[in-house]
Amino acid sequence: FRPTEEEPEMVIAATAEILQPSVETLCQEMEQSFRDLELVRTLIGHTEWEQVFATLSPQDFGRVTENVHNDFDQPEVAEIVAMRIVPNFMCAHLVSALGTTAEWNKVA
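Residues numbered from 1 in each chain as written. Predicted model: local features only at pLDDT ≥ 70, side-chain atom pairs only at ≥ 80, totals over all residues. Heavy atoms only, no water.

**Quick word on the pattern of salt bridges**
Then step 1. All told, the structure shown has five salt bridges when counted by the stated rule.
Then step 2. Measuring nitrogen to oxygen at the nearest pair gives 3.1 Å for the salt bridge that ties arginine 63 to glutamate 24. Residue arginine 63 is located in helix α5 (residues 58-66), and its partner glutamate 24 is located in helix α2 (residues 23-32); the two are separated by 39 residues in the primary sequence.
Then step 3. Residue classification places glutamate 24 among the partly exposed positions, given a relative accessible area of 42%.
Then step 4. Between arginine 35 and glutamate 38 there is a salt bridge; the shortest N-O distance is 3.7 Å.
Then step 5. Overall, arginine 35 belongs to the partly exposed group, its relative accessible area being 32%.
Then step 6. Each of the salt bridges in this network shares a partner with another, and the network as a whole consists of Glu24, Asp60 and Arg63. (Salt bridge = Lys/Arg side-chain N within 4 Å of Asp/Glu carboxyl O. Helix = DSSP H or I, 4+ residues; strand = E, 2+ residues; numbered from the N terminus. Buried < 20%, exposed > 50% of the residue type's maximum accessible area, 1.4 Å probe, protein only.)

**Observations concerning the confidence of the model for the chain**
Then step 1. Per-residue confidence for the chain averages 86 on the pLDDT scale, and 83% of its residues sit at or above 70.
Then step 2. The weakest mean pLDDT in the chain belongs to helix α1 (residues 6-18) at 55; the strongest belongs to α5 at 96. (pLDDT = per-residue confidence, 0-100.)

**Side note on the packing of α2 against helix α3 (residues 36-44)**
Two packed helices can be described by the angle between their axes and the distance between those axes.
Then step 1. The geometry of α2 relative to α3 is characterised by a closest axis approach of 9 Å and an angle of 150 degrees between their N-to-C directions. Taken as axis vectors, α2 and α3 run roughly antiparallel relative to one another. In terms of crossing hand, the pair formed by α2 and α3 is right-handed. Where α2 approaches α3, its residues Leu26, Glu29 and Met30 are matched on the opposing element by Asp36, Leu39, Val40 and Leu43. (Axes fitted to C-alpha atoms, helices over the stretch in contact; angles between N-to-C directions. Parallel < 35°, antiparallel > 145°, perpendicular 65-115°, else oblique. Left-handed = near helix turned anticlockwise from the far one by under 90°. Contact = heavy atoms within 4.5 Å.)

**Details of the side chain of threonine 65**
Then step 1. Turning to its location among the elements, threonine 65 is positioned in helix α5.
Then step 2. Since its relative accessible area comes to 0%, threonine 65 is described here as buried.
Then step 3. Setting aside residues up to four positions removed in sequence, threonine 65 forms contacts with Gln74, Ala78, Ala97, Thr100 and Thr101.

**Side note on the nonpolar core**
Then step 1. If you look at the biggest cluster of nonpolar residues, it comprises 23 residues, and the most contacted ones within it are Phe53, Leu56, Phe61 and Val81.
Then step 2. Among the elements of the structure, α2, α3, α4 (50-54), α5 and α6 (74-85) are those that each provide at least two residues to this core. (Core = buried A, V, L, I, M, F, W, Y, C linked by side-chain atoms within 4.5 Å.)

In structure tokens form, the structure reads like this:
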């Protein structure tokens, strides 16, 4: 049996429908996943998750960026999530994210 590239997305999409939307759930799922970018993209696309992303505190925004396993994905995850926080996005969100990202991402 060889999984196809589409199967992980299907699993993530199916998982999104059964998860209880919360910051804690998001962070727990990210801790167990290595496909954090795909997970965040999928969850953001679900109506029941909109409020979770839109109301992230600066500390929770930092937790989300910290839980991205692939350093290359950290800036993209931060940008995708930040777009959902607008108009409540503040400098404190950025400071929190910068405190949890890989050093080389802070220059980028």
